[in-house]
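Chain by chain, the residues:
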Amino acid sequence: MSSAQSPHSELVGALYRDHRSWLLAWLRRNVACPQRAEDLSQDTFVRLLGRDELPAPREPRAFLVAIAKGLLFDYFRRAALEQAYLTELMLIPEGEQPSVEEQQLILEDLKAIDRMLGQLSTKARAAFLYNRLDGLGHAEIAEKLGVSVPRVRQYLAQGIRQCYIALYGEPT
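Residues numbered from 1 in each chain as written. Predicted model: local features only at pLDDT ≥ 70, side-chain atom pairs only at ≥ 80, totals over all residues. Heavy atoms only, no water.

K.L.:
I would appreciate a short explanation of the UniProt feature "domain: RNA polymerase sigma factor 70 region 4 type" (unreviewed entry) in the protein in the present structure.
P.N.:
Sequence positions flagged by UniProt for "domain: RNA polymerase sigma factor 70 region 4 type" (unreviewed entry) are, in local numbering, residues 111-163. Taken end to end, residues 111-163 is 77% helix and 0% strand, and its two terminal C-alpha atoms sit 13 Å from one another. (UniProt positions renumbered as here; feature names shortened; annotations may be inferred. Helix = DSSP H or I, 4+ residues; strand = E, 2+ residues; numbered from the N terminus.)

This is the structure we're talking about:
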């Protein structure tokens, strides 16, 4: 393995050295759990390493906070999803509850669906959920979202496409 680093990894290394402790302090102010703040800090830099291109940011701290906020939002959304699942699970009679292993698989599936829907715009996600979970028709969704019926059809097609990709991968 070569000891020479790419300019990309050198930039991430410099951001890490210069701003990690500041980012960690910012996260600790926004997350109750110090371990979660540490994880989110590391995830921020891992996300940077995973990018194909990384131009040097003009405002490194604002840049890092923007990435960390996205990760924080994802974390809180997944935590809310998990809590909603656990709340619903408590409503099932004890003898009918899925096994612990099945519960974990269901939770992982819910998180995968959440990630998949996270690829959609806010309105496309809302339209898809209104249609699939609430059973609303195109006109009702259009009224709720303040868009046209053809736009609702586009949103639903985007949601169905994301489901297809989740099940079968990107179409060729």
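So much for the structure itself; the text now carries on.
K.L.:
I keep staring at the confidence of the model for the protein and nothing clicks. Help me out?
P.N.:
Atom-level detail of predicted coordinates should not be read off regions where pLDDT is low. Residues with a pLDDT of 70 or more make up 97% of the protein, whose mean pLDDT is 89. Element-level mean pLDDT values for the protein span from 86 in helix α4 (residues 100-117) up to 96 in helix α6 (residues 138-145). (pLDDT = per-residue confidence, 0-100.)

K.L.:
Whenever I open this one, the packing of aromatic side chains confuses me. Can you help?
P.N.:
The geometry of an aromatic ring pair is captured by two quantities: the separation of the ring centres and the angle between the planes. Inspection of every chain in the model, using the stated rule, returns three aromatic pairs. Residues Y164 and Y168 carry aromatic rings whose centres are separated by 5.0 Å and whose planes lie at 50° to one another, so their mutual orientation is tilted. Of this pair, Y164 and Y168 are both found in helix α7 (residues 149-168), four residues apart, which corresponds to roughly one turn of the helix. (Phe/Tyr/Trp six-rings, centres within 6.5 Å; stacked < 30°, edge-to-face > 60°.)

K.L.:
Looking at this structure, I do not really get the nonpolar core. What am I missing?
P.N.:
Soluble globular proteins tend to pack their nonpolar side chains together in the buried interior. Counting 20 residues, the largest nonpolar core has L23, W26, L27, F45 and L48 as the members making the most contacts within it. Looking at this core, the elements with two or more residues in it are α1 (7-30), α2 (34-49) and α3 (60-90). Setting aside residues no more than four positions away along its own chain, W26 makes contact with V65, A68, K69 and L72. In terms of nonpolar packing, the next biggest core, distinct from the first, is built from 14 residues, L120, V147, Y155 and L156 among them. (Core = buried A, V, L, I, M, F, W, Y, C linked by side-chain atoms within 4.5 Å. Buried < 20%, exposed > 50% of the residue type's maximum accessible area, 1.4 Å probe, protein only. Contact = heavy atoms within 4.5 Å.)

K.L.:
Explain the UniProt feature "domain: RNA polymerase sigma-70 region" (unreviewed entry) in the protein to me, please; I cannot follow it from the model alone.
P.N.:
Listed under "domain: RNA polymerase sigma-70 region" (unreviewed entry) in the UniProt record, and renumbered for this structure, are residues 15-80. A distance of 31 Å separates the end C-alpha atoms of residues 15-80, which is 80% helix and 0% strand.

K.L.:
Please clarify how α4 should be interpreted in this entry.
P.N.:
Within an α-helix, residues lying three or four positions from one another point in the same direction, as the helix has 3.6 residues per turn. The terminal C-alpha atoms of α4, which comprises 18 residues, lie 26 Å apart, in line with the 26 Å expected from a rise of 1.5 Å per residue. Listed as buried for α4 are Q103, L107, K111, D114, M116 and L117. (Expected span 1.5 Å × (residues − 1).)

K.L.:
Even after reading the chapter, I still don't get α6, so can you show me in this structure?
P.N.:
Taken residue by residue, α6 has I141, A142 and L145 as its buried positions. Angular distribution of buried residues about the axis of α6 spans 100°; they occupy a single face of the element. Within α6, the exposed residues directed more than 90 degrees away from the buried face are A139, E143 and K144. Those residues of α6 that are buried lie in contact with α5 (122-132) and α7. G146 occupies a position one or two residues after α6 and carries a positive phi of about 70°. (Arc of directions from axis to C-beta.)

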